Amino acid sequence: MVDLIDFEKIQQARGLPSPTGLALNIMRMCRNDNVSLSDLARQIQTDPVLAGRLIKLANAGRAPSLRPIVAVTSEALLLVGLQSIRQVALSLSLIHSYNGGTCSGFDYNGFWSRSLTTACLAQALGKRVTIAPVAELFTCGLLAGIGQLGLAVIRPQPYSELLEQHRTSTRQELRQAERARFGCDQLDLSVMMLRDWQIPSLFVDAVRFHAEPDSSGNDEQGRQQRLARLLHLAVISVDVICADTIDEDTVPLPLLEQAALLDLSPELMLEVLQDAAQERADWITIQRPSGRISA
C-alpha cells in the first residue's frame, strides 16, 4: 500500500510536530534583531528546564577566567546567542509536547533518549572539532532524526505497521521502506521540517547527508562535509554511550576510523565519549523533574 505524504498540505493543516506556547513566543522574539534581552530573559526564567539548559550553554562558552554564570541574564544570553536560544527553545518544546502519541509501534521515549545522546555527542565533538558553535551542534544533533517523529505523528497507524514489519531491518532498509510507502523517508522529512523552522542551511545540509556522508559529493575539508561527518560519528556512537563502562577497549574500530576523518585521535575520541556520557547524565537530571525524558 502507498500512502504518499504531501508536505505542503500537512504543513497547512498544522499536522507536523511544532513548537507551542512559551517556546513559540521565545522563537518569535529571537527573530527580532532589536529584541530586548532583559525581556527575553524574563520569558526564559518562567521555564526552569529551558533556563537551566541555557545557563549550562552560557558557561560552556565563557572564558575560564570569568566567574560561573548562575542565572539567566542579558550577558548570559549574549554568550549563547539568539540563534542558539531559538533552537534550544524549539527542541525543548518538541520533547515536552511529543513524548507520547498514537503510533503504537513507535518508542517515543527511546527516540528522545537516542536524540539526546546524539546531541550530547555532537556537542562533545564540537568542542574538539571547530565547525560551528557547540550550542547549535547540540540542537542539530537533537533534531537530526526529527523526521521519524514526524512520520509517527502524521501517519501513526501506517507507520506503526511499517515499524513492526521492519523490526529487525537496518536503518537503511527502514528508510527504503518509508520511501516506498510514503514517497519520502525520515531524512527527507527531517530536512523539510528543519527548513520550515528556518534552521540555517549549513545544518540542514548536514542532516541530509549525515546517514551516508560519502554520498554527498562535498569537499572533504569543507564545513558542510565535516559537519555531516560529525553528525554521522555522533549517531554511530550512541550505543557506546549506553554501555556500563567507556574505556579504550569498548570503542569499536569503525568509530575510530570515522573519528580519524575528523582528525581525532583514539585518545580524543575516548574523551568525547566520556564527556558526552556525563553531559547526557546531567541533562537527564535537569529534564527528569519535568517528566520530559528519562534515561
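Details of the structure are given in the entry above.
Everything in this summary refers to the structure shown in the same document. Computed from a predicted model, the values in this text were never measured in an experiment.

So, about the pattern of salt bridges. A side chain with one charge may pair with a side chain of the opposite charge, provided their charged atoms come close. If you walk through the whole model with that rule in mind, you get 14 salt bridges. Salt bridges sharing common partners tie together Arg-53, Lys-56 and Glu-279.

A few words on the packing of aromatic side chains. For any pair of aromatic rings, geometry is given as the distance between the ring centres together with the angle between the planes. Counted under the stated rule, the structure contains four aromatic pairs. Measuring from centroid to centroid gives 5.5 Å for Phe-106 and Phe-111, while their planes differ by 45°, and the two rings are tilted. A residue is classified by how much of its surface remains accessible, and Phe-111, at 8% relative accessible area, is buried. Through a chain of ring-to-ring contacts, three or more aromatic side chains come together here, namely Phe-106, Tyr-108, Phe-111 and Trp-112. Lying across the ring of Phe-138, Arg-53 places its NZ or CZ 3.9 Å from the centre.

All of the buried residues in helix 2 (residues 21-30) are Ala-23, Ile-26, Met-27, Met-29 and Cys-30. One face of helix 2 carries all of its buried residues, which in axial projection span an arc of 160°. Relative to its buried face, helix 2 has exposed residues pointing more than 90 degrees away, namely Gly-21 and Arg-28.

Analysis parameters
Counting of residues starts from 1 at the beginning of each chain's written sequence and follows it residue by residue. In view of the model being predicted, local features appear only for residues whose pLDDT reaches at least 70, and side-chain atom pairs are presented and counted only at 80 or more, with totals across whole chains, interfaces and linings using the full set of residues. Hydrogens and waters are ignored; side-chain quantities use all the structure's heavy atoms. Here, a salt bridge means any Lys or Arg side-chain nitrogen found within 4 Å of an Asp or Glu carboxyl oxygen. In this analysis, rings of Phe, Tyr and Trp, with Trp reduced to its six-membered ring, are considered paired at centre separations within 6.5 Å, and the interplanar angle assigns stacked below 30 degrees, edge-to-face beyond 60, and tilted for intermediate values. Here the term buried applies to any residue with accessible area under 20% of the maximum for its type, exposed to any over 50%, and partly exposed to those in between, with areas from a 1.4 Å probe on protein chains only. Remark: a charge is flagged as sitting over a ring if the NZ atom of Lys or the CZ atom of Arg is within 6 Å of the ring centre and within 35 degrees of the ring normal. Labels follow the DSSP assignment, with helices taken as runs of H or I lasting at least four residues and strands as runs of E lasting at least two, numbered in each case from the N terminus. In this description, one arc is meant: the one made by directions from the helix axis to the C-beta atoms.

These results come straight from atomic positions and should not be treated as a statement about function.
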